[in-house]
Amino acid sequence: MALITARALSKDFGIKEILREASFTLEPGERVGLIGANGSGKSTLLKMLAGLEPIDRGELSVNSGSRVIYLPQQPDMTPERTVLEQVFADSGEKFALVKEYESLTESLAREGDNPERLSQRLAQLSEKMTQSGAWELEAQAKIILRQLGIERLDQRVGELSGGYRKRIAIAAALLAEPDALLMDEPTNHLDAGTVEWLQSYLQRFRGALLLITHDRYFLDQVTNRILEIDRGDLYGYSGNYAYYLEQKALAEESQSSSQRKHSGVLRRELAWLRRGPKARSTKQKARIDRIEEMREQTFKEAQGKVEIATAGRRIGKKVIELQGVSKTLGGRRLIEDFSYIFTPRDRVGIVGKNGAGKSTLMNLITGRETADAGTVEIGATIQFGYFDQQSEDLYDNPNQRVIEYLKESAELVKTADGEVITASQMLERFLFSPNQQYAPLHKLSGGERRRLFLLRILIAAPNVLILDEPTNDLDIQTLGVLEDYLENFNGCVIVVSHDRYFLDRTVETIFAFEGEGKIKQYPGNYSVYLDYLQRNSVPETAPKVGKSPPPAVTSKVKPPGGKLSFKEKREYEELERAIPQWEAEKQEIEVQLYAKANADFTALESLTCRLGELTERIEQGTERWLELAERS
């Protein structure tokens, strides 16, 4: 039986019709990706399903007894709560037991008053926690939070960045074990390693999943069905994102063919009609009626596509030169003695964990921040276009009209082919209809604001384009067009992103933040960088991507030559036997941790520690085995 059933849903915001007679079901175990252009209504549909947005017309029913959890792009949280309190906010009695148990444990550790009474209360709590499953809940929470990169569970939520709040919300949603999970851009603000972990977790998730994401690798690996919103209409496609692309291309080709056939038949019929046949038999009258019906028949136009065709600007030989740059913020060394000379055609991707210093490096390059040591020199012809994460000027005057915002940058725009067009015409090429152009900024969706911000940057004709997390809130179609634009962009491109697909398409060099201020350079795109790490036993700072192309970089760190010694042969054979045993034990521990079996806190803590030891041992053993195997 369907978990969620929608029949003829309609939604209209006045300036735009979001949904028109949309019907679909979400079945148990389904993994559905929801796609569409920015502002098409994806987030609105999720809010309607979650009961947070009213429905204009239609019916929506949720299977009785089914638990539906909604994860918005920007979750609301209580700043005074600790991380653990926020994660367990909806867990009620279970968390109250955990909290009291930890408080009593701390009191005993301090050798507080009446230890005998405290011990008795602890025993009672332990029994209640076993009966309610609270032990398992806390252990799972700590495992998931650790995987999401959150270590300090006692830290106040109000002290955390938006990215870490999103991670807490993801943890809370996963721990709730819903029957249906609605996720709006869950990969935003996550580093690549965390995205890979979440992708793996959702592949094993038992409930139904309906998600919006711009991450095409993520979408392809997690989903088994695609829903597309296209100008108010909802279309369904079985299969993952790759299959959707194939079916979409076939559907558009068929639509185009049908339209051509219809036009041909109509032309012939009209020619017959103009000849003015003298007889008016029943058959001829029927033919005339058919012609009238054909003339009234309409075909849906192909979906409009963003056109990025702004003019470029000459770039000189000197672009950006960094010499011995260092930067410390809040007592943390983010960048240590970094040097690099950017060239006019550089395509650089910057990766690393959240908070590593990626945006700080961008701010040093553009002069928004000053280096503690070293120099940053900018060429005389350089014009920066900085697409940052905040797009803050879009929020300075929320009542400003879209057209007025763009005209602040330019009223006339020169395109790549030399044509001069108005700001309004350029907005239409970026899929802002005349009605939307005169709407206030606050009426735009988050994705539409980001698209408008991108347009404002591009019409200024930069020759150094800096994109800081450009894939956040941009729809897949716009990302594809932007990727094509960057291929032919006559200038230097610097990208900070966690989006594996986008990096694979756009960059040729990787700067990897590897901790303690170290930034290492790797040739090739993101998948080549990962392959390089795995082949050369470099400590991995990023996850393995599901679809990696063959290695395109020659190894700079070669394993020692020569045949294996007797001792190395024994080591190789022992590792060959041991690694499968370690992996089997690791799998068994994971089953124990996630199974709903009664266990005390001490036992779960012990299992968690053992899991960490095994994971590290497997990684190190596998790296050593690969090195020995290559030489053998």
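Residues numbered from 1 in each chain as written. Predicted model: local features only at pLDDT ≥ 70, side-chain atom pairs only at ≥ 80, totals over all residues. Heavy atoms only, no water.

(A) Representation of the overall build of the protein chain in the model. Along its length, the protein chain carries 20 helices and 20 strands. Counting all 632 residues of the protein chain, 47% fall into the buried class. Considering only contacts within the protein chain whose residues lie at least 6 apart along the sequence, 68% involve residues at least 24 apart. (Helix = DSSP H or I, 4+ residues; strand = E, 2+ residues; numbered from the N terminus. Buried < 20%, exposed > 50% of the residue type's maximum accessible area, 1.4 Å probe, protein only. Contact = heavy atoms within 4.5 Å.)

(B) Summary view of the sheet that holds strand 19 (residues 509–513). On the basis of which strands lie adjacent, the open sheet formed by six strands has the order 14-17-18-12-19-20 and mixed pairing. At either margin of the open sheet sits one strand with a lone partner, and together these are strand 14 (384–387) and strand 20 (519–523). The mean angle between the axes of side-by-side strands here comes to 15°, regardless of whether they run parallel or antiparallel. Two strands pair when backbone bridges link them, and strand 19 and strand 20 are joined in this way by five bridges, in the antiparallel orientation. What sits directly across from T509, in strand 20, is P523. Lying on the sheet, helix 11 (residues 358–366) is in contact with strand 12 (347–351), strand 14, strand 17 (464–468), strand 18 (492–496), strand 19 and strand 20; it crosses strand 14 at an angle near 155°. Along the sheet, helix 15 (residues 446–458) makes contact with strand 14 and strand 17, crossing strand 14 at roughly 175°. (Pairing = 2+ DSSP bridges. Axes fitted to C-alpha atoms, helices over the stretch in contact; angles between N-to-C directions.)

(C) Quick look at the environment of E80. Relative to the assigned elements, E80 resides in the loop between strand 5 (68–71) and helix 2 (83–87). Overall, the relative accessible area of 55% leaves E80 in the exposed class. Taking the C-alpha atoms as reference points, E80 and R156, 76 residues apart in sequence, are found 5.9 Å from one another.

(D) A look at the sheet that holds strand 10 (residues 320–329). Within the open sheet, the three strands sit side by side as 11-10-13. Their pairing is antiparallel. Two strands close off the open sheet at either side, each with one partner strand: strand 11 (332–342) and strand 13 (373–378). Strand-to-strand twist of the sheet, defined as the mean angle between neighbouring strand axes without regard to direction, takes the value 25°. In this sheet, strand 11 lies alongside strand 10 in antiparallel orientation, the contact comprising seven bridges. What sits directly across from E321, in strand 11, is I341. Packed onto the sheet, helix 11 meets strand 10, strand 11 and strand 13 and runs at close to 130° relative to strand 10.

(E) Representation of the packing of helix 6 (residues 162–175) against helix 7 (residues 192–204) in the model. Contact geometry of helix 6 with helix 7 gives a least axis separation of 13 Å together with a crossing angle of 15°. Between helix 6 and helix 7, the angle is such that the two are roughly parallel. Judged by the sense of rotation from one axis to the other, the crossing of helix 6 with helix 7 is left-handed. Contacts between helix 6 and helix 7 involve R167, I170 and L174 on the former and, on the latter, T194, W197, L198, Y201 and L202. Here the contact of helix 6 with helix 7 is composed, by residue class, of six nonpolar, one polar and one charged. (Parallel < 35°, antiparallel > 145°, perpendicular 65-115°, else oblique. Left-handed = near helix turned anticlockwise from the far one by under 90°. Nonpolar A, V, L, I, M, F, W, Y, C, P; charged D, E, K, R; others polar.)

(F) Structural detail: the packing of aromatic side chains. Scanning the entire structure with this criterion turns up 13 aromatic pairs. The interplanar angle of 40° and the centroid separation of 5.2 Å between the aromatic rings of W197 and Y201 together place this pair among those described as tilted. Highlighted residues: W197 and Y201, both in helix 7, separated by four residues, approximately one helical turn. Since its relative accessible area comes to 13%, W197 is described here as buried. Classification of Y201 by relative accessible area gives buried; the value is 13%. Ring geometry for Y522 versus Y532: centroids 5.4 Å apart, planes at 75°, classification edge-to-face. One end of the pair, Y522, is in strand 20; the other, Y532, is in helix 18 (residues 526–536), and ten residues separate them in sequence. This pair shows no difference in class: Y522 is buried, exactly as Y532 is. Aromatic rings pair up to connect F338, Y340, F342 and F511 into one cluster. (Phe/Tyr/Trp six-rings, centres within 6.5 Å; stacked < 30°, edge-to-face > 60°.)

(G) Geometry of unusual backbone geometry. Here A8, not a glycine, exhibits a phi torsion of approximately 50°, which is positive. Here E177, not a glycine, exhibits a phi torsion of approximately 45°, which is positive. Considering the arrangement of structural elements, one finds E177 in the loop between helix 6 and strand 6 (180–184).

(H) Representation of the environment of S200. The topology assignment puts S200 in helix 7. Classification of S200 as partly exposed rests on a relative accessible area of 29%. A C-alpha to C-alpha distance of 8.2 Å links S200 and V222, two positions 22 residues apart in sequence. Engagement of the side chain of S200 in a polar contact is seen with the side chain of R204, the distance being 3.0 Å. (Polar contact = N/O pair within 3.5 Å; in protein donor to acceptor, adjacent residues only side chain to side chain.)

(I) Up close: the confidence of the model for the protein chain. Residues with a pLDDT of 70 or more make up 80% of the protein chain, whose mean pLDDT is 80. In the predicted structure, residues 538–561 sits below a pLDDT of 50 and forms 49 contacts with residues beyond four places in sequence or in another chain. (pLDDT = per-residue confidence, 0-100.)

(J) The arrangement of the side chain of E448 in detail. Mapping E448 onto the fold places it in helix 15. By relative accessible area, E448 is classed as buried at 4%. Every residue in contact with E448, bar those within four places of it in the chain, is listed here: K16, N38, G39, F432 and Q436.

(K) Helix 15, seen in detail. With 13 residues, helix 15 should reach 18 Å at 1.5 Å per residue; the first-to-last C-alpha distance of 19 Å fits that figure. With twelve of 13 residues buried, helix 15 is to be regarded as a mostly interior element. Listed in full, the buried residues belonging to helix 15 are G447, E448, R449, R450, R451, L452, F453, L454, L455, R456, I457 and L458. Of the surrounding elements, those touching the buried residues of helix 15 are strand 14, helix 12 (402–407), helix 13 (423–429), helix 14 (434–437), strand 17 and helix 16 (476–487). (Expected span 1.5 Å × (residues − 1).)

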